[in-house]
Amino acid sequence: MPHRQMSQLGRTLNTAKGQLSAAETRSADLQAALRTPPLTIAVDRVRDEVAYVQGGLPYPRGQLVAEAAMDYVVGHVSDTEYGYRLYHGGSALPVDPNAALGAQAGICGHAAAAFAGIVRLLGFAVRHVNFSYTDPNGSAGDHVAVEVFYSRSWHYFDPTYGEIWTDAGGDVLSISEIRSGAGTLRKDVLSFTNVFEDGVFGNDTWFVTDPATGVAIGPTLAGRRPK
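Analysis parameters
- Per chain, the residues get numbers from 1 upward, laid out in the order the sequence is written.
- Per-residue local features are limited, in this predicted model, to residues with pLDDT of at least 70; the limit for side-chain atom pairs, both in listing and counting, is 80 or more; totals at the level of whole chains, interfaces and linings are taken over all residues.
- No hydrogens and no water enter the side-chain calculation; it runs on all heavy atoms of the structure.
- Two strands are said to pair when DSSP picks up at least two bridges between them.
- Strands here are runs of E lasting at least two residues and helices are runs of H or I lasting at least four, both read from the DSSP assignment and numbered beginning at the N terminus.
- Only the contacting stretch of a helix is used when fitting its axis, a line to C-alpha atoms as for every element, and angles between N-to-C directions run 0 to 180 degrees.
- Here the nonpolar core consists of buried residues drawn from Ala, Val, Leu, Ile, Met, Phe, Trp, Tyr and Cys, with membership extended through side-chain atoms lying within 4.5 Å.
- For each residue, the accessible area found with a 1.4 Å probe, counting protein chains only, is set against the maximum for its type, and the residue is called buried under 20%, exposed over 50%, and partly exposed in between.
- Residues count as neighbours in contact if any of their non-hydrogen atoms are within 4.5 Å of one another.
- Relative orientations are named as follows: roughly parallel for angles under 35 degrees, roughly antiparallel for angles over 145 degrees, roughly perpendicular for angles from 65 to 115 degrees, and oblique for any other angle.
- Take the far helix as your reference; a near helix turned counterclockwise from it by less than a right angle gives a left-handed crossing, and one turned clockwise gives a right-handed crossing.
- Here the term charged refers only to Asp, Glu, Lys and Arg, the term nonpolar to Ala, Val, Leu, Ile, Met, Phe, Trp, Tyr, Cys and Pro, and the term polar to all other amino acids, Gly among them.
- Planes of paired rings set the category: under 30 degrees apart is stacked, over 60 is edge-to-face and the rest tilted, where pairs are Phe, Tyr or Trp rings (Trp by its six-membered ring) whose centres lie within 6.5 Å.
- Placement of a charge over a ring requires the Lys NZ or Arg CZ to be within 6 Å of the ring centre, with the centre-to-atom vector within 35 degrees of the ring normal.

Once that is clear, we can look at the sheet that holds strand 3 (residues 153–157). Within the open sheet, the four strands sit side by side as 3-2-1-6. Their pairing is antiparallel. A single partner strand is all that each edge strand has here, and the edge strands are strand 3 and strand 6 (214–217). Shown here is a sheet whose adjacent strand axes are inclined to one another by a mean of 30 degrees, direction ignored. Two strands pair when backbone bridges link them, and strand 1 (residues 126–134) and strand 2 (residues 140–150) are joined in this way by nine bridges, in the antiparallel orientation. Across the sheet, His128 pairs through a bridge with Val146, a residue of strand 2.

Bringing the nonpolar core into the picture now. Formed by 36 residues in total, the largest nonpolar core has its most connected members in Val46, Phe115, Ile118, Val148 and Phe157. Residue contacts for Val46: discarding those within four places in its chain leaves Val65, Ala68, Ala69, Tyr72, Ile118 and Leu122. Listed in part, the eleven residues of the second largest apolar core include Tyr133, Ala145, Ile178 and Val208.

Orientation of helix 3 (residues 61–76) relative to helix 6 (residues 108–121), taken along the N-to-C sense of each, is 140 degrees, at an axis distance of 9 Å. One finds that helix 3 runs oblique with respect to helix 6. Like other packed secondary-structure pairs, helix 3 and helix 6 cross with a definite hand, here right-handed. Between helix 3 and helix 6, the residues in contact are Ala66, Ala69, Met70, Tyr72 and Val73 and Ala111, Ala114, Phe115, Ile118 and Val119, respectively. Looking at the contact of helix 3 with helix 6, its residues break down into ten nonpolar, no polar and no charged.

This part takes up the packing of aromatic side chains. Enumeration over the complete set of coordinates arrives at eight aromatic pairs. Summarising the aromatic geometry, the rings of Tyr133 and Trp206 are spaced 5.4 Å apart at their centres and angled 75 degrees between planes, so their arrangement reads as edge-to-face. With Tyr133 in strand 1 and Trp206 in the loop between helix 8 (192–201) and strand 6, this pair connects stretches of sequence that are 73 residues apart. By relative accessible area, Tyr133 is classed as buried at 18%. Note on Trp206: relative accessible area 25%, which makes it partly exposed. Both rings, one in Phe149 and one in Trp154, keep their centres 5.1 Å apart while their planes meet at 65 degrees; by these two values the pair is edge-to-face. Assessed through its relative accessible area of 34%, Phe149 is described here as partly exposed. Judged by its relative accessible area of 17%, Trp154 falls in the buried class. An aromatic cluster of three or more residues is present, and its members are Phe131, Tyr133, Tyr156, Trp165, Trp206 and Phe207. The residue whose ring lies beneath Arg127 is Trp154, and the NZ or CZ to ring-centre distance is 4.0 Å.

Following this line, the structure appears as structure tokens:
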């Protein structure tokens, strides 16, 4: 075989080897990603987002972490998907962060658990805020959201609806401040959950500020960082 043809063949083989090596690397990365718990992926994503914006916004790190975590959960734990699963014969999901984030489905308890898991692994204490009420039709209802502790006080976040109340400076208020009439509601109106539920039920979180609603604060779950 002429030298030129042998050289070309060698370059072709080397190119093929490089492509094969790259494909094997991508496959290994994909397999590793598939083995990574959904909660770990969520924590990494939220950490990256906070690192990107921190310094550019005048808010404490706790608020940035909690808002990023809330946004992530709103986008990855769908109660409409959960309803679809149950309607078509699926089984109920355990109230566990990895189960909810893995299925990308759940109702308020799943959203609160996923949110709490993310925030705690980023070092912040969290506690549940449980609501019980009677709706205008006379039916009993309940809901769960969360409070996160930072800047020496508690701050209320609802990861089901992407809902917070803020003061004039943009700081997130506690549930007690909200129920006393303080703050302005901020809500992720573009989340699919809200598009559906607001369209069907109107103001579907009216109970949060209703004086007749019972509110019970759950125990504090200390923040913890992964080992």
